[in-house]
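# Summary of structural features
Next come the chains, spelled out residue by residue.
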Amino acid sequence: MPDSSISKSDVDVLVRLASTSFPFRVPVINAAGVTSFERSFKSVGSHPSTLELMRKADHAREALATSLMAGTRTKIVTAADIYIPLVYSVMVTCIAQPDEA
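Let me sum up the structure you'll find in this document. (Residues numbered from 1 in each chain as written. Predicted model: local features only at pLDDT ≥ 70, side-chain atom pairs only at ≥ 80, totals over all residues. Heavy atoms only, no water.)

On to the environment of alanine 60, then. Position of alanine 60 relative to the elements: it lies in helix H3 (residues 48-70). Classification of alanine 60 as buried rests on a relative accessible area of 7%. Each C-alpha atom of the pair alanine 60 and alanine 80 lies 8.1 Å from the other, and the pair is 20 residues apart in sequence. (Helix = DSSP H or I, 4+ residues; strand = E, 2+ residues; numbered from the N terminus. Buried < 20%, exposed > 50% of the residue type's maximum accessible area, 1.4 Å probe, protein only.)

Shown next as structure tokens:
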């Protein structure tokens, strides 16, 4: 959950600072559906909970990409709040089973 003590103007300042401090172009997320957790882990992620995690991560990434392209700040933050924990879960899976990842 986002920290409610951070105001919208603080967020704007942080985004401006990050974008001027790190002037990289905006990455393309899921260009033409090429990136997929489910497809990437298909050969090793056969457990039903792993498959569900990969599906959720894919859907969350698509929602984040859509929000970044046309969403409001609230939608972007909401989508990121859903996506980031799923990515952490995928990473934990890779750490727990490095031979399978």
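We are not done yet, so read on.
Let us now look at the packing of H3 against helix H4 (residues 73-96). One way to put it is that H3 packs onto H4 with a least axis distance of 8 Å and a crossing angle of 150°. Comparing the axis directions of H3 and H4 gives the class roughly antiparallel. Crossing of H3 against H4: the hand is left-handed. Together, Leu53, Met54, Lys56, Ala57, Ala60, Arg61, Ala63, Leu64, Ser67 and Leu68 of H3 and Lys75, Ile76, Ala79, Ala80, Ile82, Tyr83, Leu86, Ser89, Val90 and Thr93 of H4 make up the contact between the two elements. Looking at the contact of H3 with H4, its residues break down into 14 nonpolar, three polar and three charged. (Axes fitted to C-alpha atoms, helices over the stretch in contact; angles between N-to-C directions. Parallel < 35°, antiparallel > 145°, perpendicular 65-115°, else oblique. Left-handed = near helix turned anticlockwise from the far one by under 90°. Contact = heavy atoms within 4.5 Å. Nonpolar A, V, L, I, M, F, W, Y, C, P; charged D, E, K, R; others polar.)

With that out of the way, let us pick up the side chain of serine 67. By secondary structure assignment, the location of serine 67 is in helix H3. Here serine 67 is in contact with Lys75, Ile76 and Ala79, once residues within four sequence places are set aside.

Evaluated as defined, the whole model comprises two salt bridges. In this structure, glutamate 52 and arginine 55 form a salt bridge, with 3.8 Å as the shortest nitrogen-oxygen distance. A residue pair is termed a helical-turn pair when its members lie 3 or 4 positions apart in one helix, as glutamate 52 and arginine 55 do in helix H3 at three residues. With relative accessibility at 37%, the residue glutamate 52 sits in the partly exposed group. Its salt-bridge partner being arginine 61, residue aspartate 58 comes within 2.8 Å of it at the nearest N-O pair. Separated by three residues within a single helix, aspartate 58 and arginine 61 lie in helix H3, roughly one turn from each other. Comparing aspartate 58 with arginine 61 shows no difference in burial state: the two are buried. (Salt bridge = Lys/Arg side-chain N within 4 Å of Asp/Glu carboxyl O.)

Note that every value here comes from positions in space, so none of it alone points to a role or purpose.
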